[in-house]
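# Structural description and commentary
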Amino acid sequence: MTSRAADRARYDRATAHLDAPFAVVDLDAFDANAEDVARRAGGKPVRVASKSVRCRPLLERVLARDGFAGVMSFTLAESVWLARAGFDDVLLAYPSADRSSFAELAADARLADAVTVMVDDMAQLELIERSRAGGRAEIRVCLELDTALRLLGGRIRIGARRSPLSEPVQLAELARSIARRPGFRLVGLMAYEGHIAGVGDRVDGAPVRSRAIRLMQRLARHELAGRRAAAVRAVRAVAPDLEFVNGGGTGSVQHTAAEDAVTEIAAGSGLYVPRLFDHYTAFSGRPAALFAQPVVRRPGLGVVTVLGGGYPASGAAGPDRSPVPYLPEGLRYDPREGAGEVQTPLLGAPADDLLIGDKVWFRHAKAGELCERFDALQLIEGDRVTGTVPTYRGEGRTFL
């Protein structure tokens, strides 16, 4: 029996009492993935990206492990909610225009001490100031360095469009503006290298493209290491008490941790290991988060139909954004239908061994977005469900 077949047998036994659809997290795989991320961080603390987990009990589980400290959140409302729930170090990774949450933050010194907000523009500071509604708490601020690789004088850009601050002098200028502004304290610098951390360098069946990605990433790592170090020096000249410099992502943990200028690493997807993280040469993880859909039709030889399953991931639309049929091995989508809103035909020889009511196990393309489809996660240890925990959705929270 292959390891995947053994996993299928375990999952089927563990969930025999449950009616699909539902989602699971294999805690043995989750913990092994956490250990691997911490190992690759080389002793630097790992800040957990909440968007890739979206489940408070699992955030608490990983933060209880050595090597992990703090949360990287994705909305201000989420940040405030987590802080009120007892998470005492929450870095908001994106700028916000949520005036009511800023007012809530400014009115509560304890909350304001637990949450750090992201800015890359004076207009964002002005929006925060106008949102205070009389609140006087000091707002903790982090600057973001844009990490995109620019070639040929900027005519070629490789990387996500994030902060307008790409040069050390720009960061230092905004740092000085913050230092002169009462009610704000600059405590951190973040630089997320998505073109390195979030792009797999082992593309199946495309060796030339894979080599090109690896070449680009080596060039980008070298360029960014120098620019990030210069940016940190420039900002520390203005704010010598800077508390943290955050960088990385699941796909670049060990490379970013090697930079002296970086004090902590961000990672989250590496805990669940969705399908987009199968294509890296630097690490491999164990799929920990899956969802099951029930077989409800057998239209003919070599085909079964499962209920639902059309859960596409964010990003540029394409086949890689669809979930992948994972267990049993050998199933594939009908190319004319794909993953459907209410039903999904699946083709392949394993279909003939599936009966009405059997489960087909899928992996989502990305990590935490799976939790927007399910209100609970069944926690599996060995071949038993040992607990059920709510996702953000299960707690009535849909932040985006």
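Each chain has its residues counted from 1, following the order in which its sequence is written. Where local features are concerned, this predicted model is filtered to residues with pLDDT of at least 70; where side-chain atom pairs are given and counted, the filter is 80 or more; whole-chain, interface and lining totals use all residues. The basis for every side-chain value is the complete set of non-hydrogen atoms in the structure, without hydrogens or water.

As annotated in an unreviewed UniProt entry, the protein carries the name Amino acid deaminase/aldolase and is attributed to Streptomyces katsurahamanus.

## Examining the overall build of the protein
Formally: Only DSSP runs of H or I reaching four residues or more are called helices, and only runs of E reaching two or more are called strands; each is numbered from the N terminus. Throughout, radius of gyration means the C-alpha value; the globule benchmark is 2.2 Å times the number of residues raised to the power 0.38. Exposure classes here rest on a 1.4 Å probe applied to the protein chains alone. A residue is buried below 20% of its type maximum, exposed above 50%, and partly exposed in between. By the convention used here, residues are in contact when the closest approach between their heavy atoms is within 4.5 Å. For the area figures, the Shrake-Rupley method with a 1.4 Å probe applies, and any residue is considered shielded solely by the protein chains shown. Only four residue types enter the tally: Lys and Arg on the positive side, Asp and Glu on the negative side; His and the chain ends are excluded. In plain terms, the charge of a residue is placed at NZ if it is Lys, CZ if Arg, CG if Asp and CD if Glu.
Scanning the protein from N- to C-terminus turns up 12 helices and 19 strands. For 400 residues, the compact-globule formula gives about 21 Å, and the C-alpha radius of gyration of the protein, at 22 Å, lands near that figure. Taken over the C-alpha atoms alone, the protein extends approximately 70 × 50 × 35 Å along its principal axes. Looking at the protein residue by residue over its 400 residues, the buried ones come to 55%. At a minimum sequence separation of 6, the contacts of the protein that also span at least 24 residues come to 69%. When the accessible surface of the protein is totalled, it reaches about 17300 Å², and 51% of it is carbon and sulfur. Across the protein, the 53 positively charged side chains and the 50 negatively charged ones have centroids separated by 4 Å.

## Focus on the pattern of salt bridges
Condition: We define a salt bridge as a contact between a side-chain nitrogen of Lys or Arg and a carboxyl oxygen of Asp or Glu at a distance within 4 Å.
Tallied over the entire structure, the rule returns 29 salt bridges. Note that R321 and D320 form a salt bridge whose closest N and O atoms lie 3.6 Å from each other. Residue R321 is classed as buried on the basis of its relative accessible area, which comes to 18%. The network of salt bridges with shared partners includes E138, R140, R185 and E243.

## A word on the environment of T15
Convention followed: Counting of polar contacts relies on pairs of N or O atoms within 3.5 Å, with two restrictions inside protein: one atom must be capable of donating a hydrogen and the other of accepting it, and residues adjacent in sequence are counted only when both atoms are side-chain atoms.
Mapping T15 onto the fold places it in the loop between α1 (3–14) and β1 (22–26). For the pair T15 and F374, spaced 359 residues apart in sequence, the C-alpha to C-alpha distance is 16 Å. Ignoring anything within four residues of it in the chain, the contact list for T15 reads F22, V24, K359, W361, I380 and V385. A polar atom in the side chain of T15 sits 2.7 Å from the backbone oxygen of Y11.

## Focus on unusual backbone geometry
The amide bond that connects A20 to the next residue, P21, takes the cis arrangement and shows omega of 10°. On the secondary structure map, P21 appears in the loop between α1 and β1. Following L327, the chain continues to P328 via a peptide bond in cis, the omega torsion being 0°. Mapped onto the elements of the fold, P328 is located in the loop between β14 (324–327) and β15 (332–333). Although it is not a glycine, R54 sits at a positive phi angle of roughly 50°. Checked against the element boundaries, R54 lands in the loop between β2 (46–49) and α3 (56–63).

## Some remarks on the environment of S177
In this fold, S177 is placed in helix α8 (residues 168–179). Distance from S177 to L242, taken between C-alpha atoms, is 15 Å for residues 65 residues apart in sequence.

## As for the sheet that holds strand β4 (residues 90–92)
Condition: Strands are labelled as partners when DSSP assigns at least two bridges between them. Angles shown run from 0 to 180 degrees and are taken between the N-to-C directions of axes, each axis being a line fitted to C-alpha atoms and, for helices, limited to the stretch in contact.
Reading around the barrel, the eight strands line up as β2-β3-β4-β5-β6-β9-β10-β11 and close back on themselves, with parallel pairing between neighbours. For this sheet, the mean inter-axis angle between neighbouring strands, taken without regard to orientation, is 30°. Here strand β9 (residues 184–191) pairs with strand β10 (residues 244–247) via four bridges, running parallel. Paired with A191 across the bridge in β10 is G247. Running at roughly 145° to strand β3 (residues 68–73), α3 makes contact with β2 and β3 of the sheet. Together, β5 (115–119), β6 (139–144) and β9 form the strand contacts of α8, whose direction differs from that of β6 by roughly 170°.

## Concerning the packing of aromatic side chains
Heads up, the rule is: Pairing of aromatic rings covers Phe, Tyr and the six-membered ring of Trp, with a centre-to-centre limit of 6.5 Å; geometry is then stacked below 30 degrees between planes, edge-to-face above 60, and tilted otherwise. Note on geometry: a ring has a charge over it if NZ (lysine) or CZ (arginine) is within 6 Å of the ring centre and within 35 degrees of the ring normal.
The full count for this structure, using the stated rule, is 14 aromatic pairs. Look at F30 and Y272: their rings are 6.2 Å apart centre to centre, the planes differ by 50°, and that puts the pair in the tilted class. Residue F30 is found in helix α2 (residues 27–41), and its partner Y272 is found in helix α12 (residues 269–272); the two are separated by 242 residues along the sequence. The two residues F30 and Y272 agree in class, both being buried. With a centroid separation of 6.0 Å and an interplanar angle of 40°, the aromatic rings of F291 and F374 are classed as tilted. With a gap of 83 residues between them, F291 in strand β12 (residues 289–300) and F374 in the loop between β17 (359–363) and β18 (376–381) connect regions that are remote in the sequence. In textbook terms, an aromatic cluster arises when at least three aromatic residues are bridged by ring pairs, as seen for F74, W81, Y392 and F399. Directly above the aromatic system of F184 lies the positively charged group of R132, at a separation of 5.3 Å from the ring centroid.

## Remarks on α8
Selection criterion: What a helix should span is 1.5 Å times the count of its residues minus one.
The end-to-end C-alpha distance of α8, which contains 12 residues, comes to 16 Å, matching closely the 16 Å that a straight helix rising 1.5 Å per residue would cover. Each element contacted by the buried residues of α8 is listed here: β5, α7 (122–131), β6, β9 and α10 (207–238).

## Remarks on the UniProt feature "domain: Alanine racemase N-terminal" (unreviewed entry) in the protein
Test applied: UniProt positions are given in the numbering used here, feature names are shortened, and annotations may be inferred rather than shown by experiment.
What UniProt calls "domain: Alanine racemase N-terminal" (unreviewed entry) maps, in this numbering, to residues 25–212. A helix fraction of 41% and a strand fraction of 21% characterise residues 25–212, whose end C-alpha atoms lie 34 Å from each other.

## Regarding the nonpolar core
Under the convention used in this document: In plain words, nonpolar cores are sets of buried Ala, Val, Leu, Ile, Met, Phe, Trp, Tyr and Cys residues tied together by side-chain atoms within 4.5 Å.
Counting 91 residues, the largest nonpolar core has L58, L143 and Y272 as its most contacted members. Among the elements that line this core, the one with the most residues is α2, at seven residues. For L143, the contacting residues outside a window of four places in its chain are M118, V119, L171, L174, A175, I178, L186, G188, L189, M190 and V235. Ranked by size, the runner-up nonpolar core spans 12 residues in total, among them A14, A292, Y326 and L327.

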